[in-house]
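Chain residues, written in single-letter form:
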Amino acid sequence: VVGSLLYLMLGTRPDIAFAVTQLSRQASNPTAEHLNKALYVCRYLKGTRDYVLQFDGKSNIGFIAYTDSDWGTDPSTRRSTTGYTLNMANASFSWVCRTQKTIATSSTEAEYMALSDCSQQVYWIKQILKEIGILLGPIPICGDNQGSIFMGNNPVTEKRSKHIDIRYHKIREYVANKDIELLFIEGAKNPADLLTKNLGHVKFELFRPHYG
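Given the structure is predicted, the values throughout are model-derived calculations rather than measurements.

Some remarks on the nonpolar core
In step 1: Leu86, Val122, Ile141, Ile180 and Leu182 are the most contacted members of the largest nonpolar core, which totals 25 residues.
In step 2: For this core, the secondary-structure elements that each account for two or more residues are β1 (63–70), β2 (81–88), α4 (107–131), β4 (139–143), α5 (146–153), α6 (170–176) and β5 (180–184).
In step 3: The leading source of residues in this core is α4, at 8 residues.
In step 4: Setting aside residues up to four positions removed in sequence, Leu182 forms contacts with Leu115, Ile141, Ile149, Gly152, Asn153, Ile171 and Val175.
In step 5: Counting residues in hydrophobic clusters, the runner-up holds 18 residues, among them Val20, Leu45, Leu194 and Leu199.

In structure tokens form, the structure reads like this:
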């Protein structure tokens, strides 16, 4: 069941990404409760089978990314969850929901790691577009943590950030070269929130349209 849900999530259903990621962690030792949760997702899909990713070329909305993280959400490892979505023409075409590779010591660090991972995906997509003759300016990446945005925009070393793995600082080079632009978005308006935590019904339905 989880394998089938993963196939759908990776292809066309970013709205179930967080739920399926959580279920996949239990694949080695599932219980009846986990099966019930998986079937609940199946019932949700049955009720929303008409939902599609619809790209709107008339929307005048170009390439934009949203990123978020949830600090220390994995109870067994205390690692945080990264979530980001890349949107073009008012619909999502690339999304990620995964556990971070290292433990973040603060929410700002977790958000910074998520921003950095997102920036690498954005840069890769930008290079592909460049190869086919589509040249773009700085791509906006929206995050809801001011501290992580400051760290990305300012190549300074502080005691709170000097321990962060050097690979995550690649984002500063992208900012300096004007490949990306870091922007702040309120947490209550950040659609990437849907990829990092279990949202209530109202907030879930608020963010779902941002994906297509």
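Comments concerning the sheet that holds β5
In step 1: Reading across from one edge, β3-β2-β1-β4-β5 is the order of the 5 strands in this open sheet, with mixed pairing throughout. Of all the strands in the sheet, just β3 (91–99) and β5 have a single pairing partner and so form its edges. Along the sheet, successive strands turn relative to each other by an average axial angle of 20°, direction set aside.
In step 2: For β2 and β3, the ladder comprises 8 bridges, and the chain directions are antiparallel.

Describing the packing of α4 against α5
In step 1: Packing of α4 against α5 leaves a shortest axis separation of 8 Å and a crossing angle of 55°. Taken together, the axis directions place α4 and α5 in an arrangement best described as oblique. Two packed elements cross with a definite hand, and for α4 against α5 that hand is right-handed. Between α4, through Thr108, Glu111, Tyr112 and Leu115, and α5, the contact on the second element is made entirely by Gly147, Ser148, Ile149, Met151 and Gly152.

So, unusual backbone geometry
In step 1: The backbone phi angle of Ala89 is positive, close to 55°, even though this residue is not glycine.
In step 2: Counting through the fold element by element, Ala89 comes out in the loop between β2 and β3.
In step 3: Here Ala89 falls in the buried class, since its relative accessible area comes to 16%.
In step 4: For Asn90, which is not a glycine, the phi torsion comes out positive at approximately 70°.
In step 5: With respect to the element layout, Asn90 can be found in the loop between β2 and β3.

Scoring rules and cut-offs
- Residues numbered from 1 in each chain as written.
- Predicted model: local features only at pLDDT ≥ 70, side-chain atom pairs only at ≥ 80, totals over all residues.
- Heavy atoms only, no water.
- Core = buried A, V, L, I, M, F, W, Y, C linked by side-chain atoms within 4.5 Å.
- Buried < 20%, exposed > 50% of the residue type's maximum accessible area, 1.4 Å probe, protein only.
- Helix = DSSP H or I, 4+ residues; strand = E, 2+ residues; numbered from the N terminus.
- Contact = heavy atoms within 4.5 Å.
- Pairing = 2+ DSSP bridges.
- Axes fitted to C-alpha atoms, helices over the stretch in contact; angles between N-to-C directions.
- Parallel < 35°, antiparallel > 145°, perpendicular 65-115°, else oblique.
- Left-handed = near helix turned anticlockwise from the far one by under 90°.

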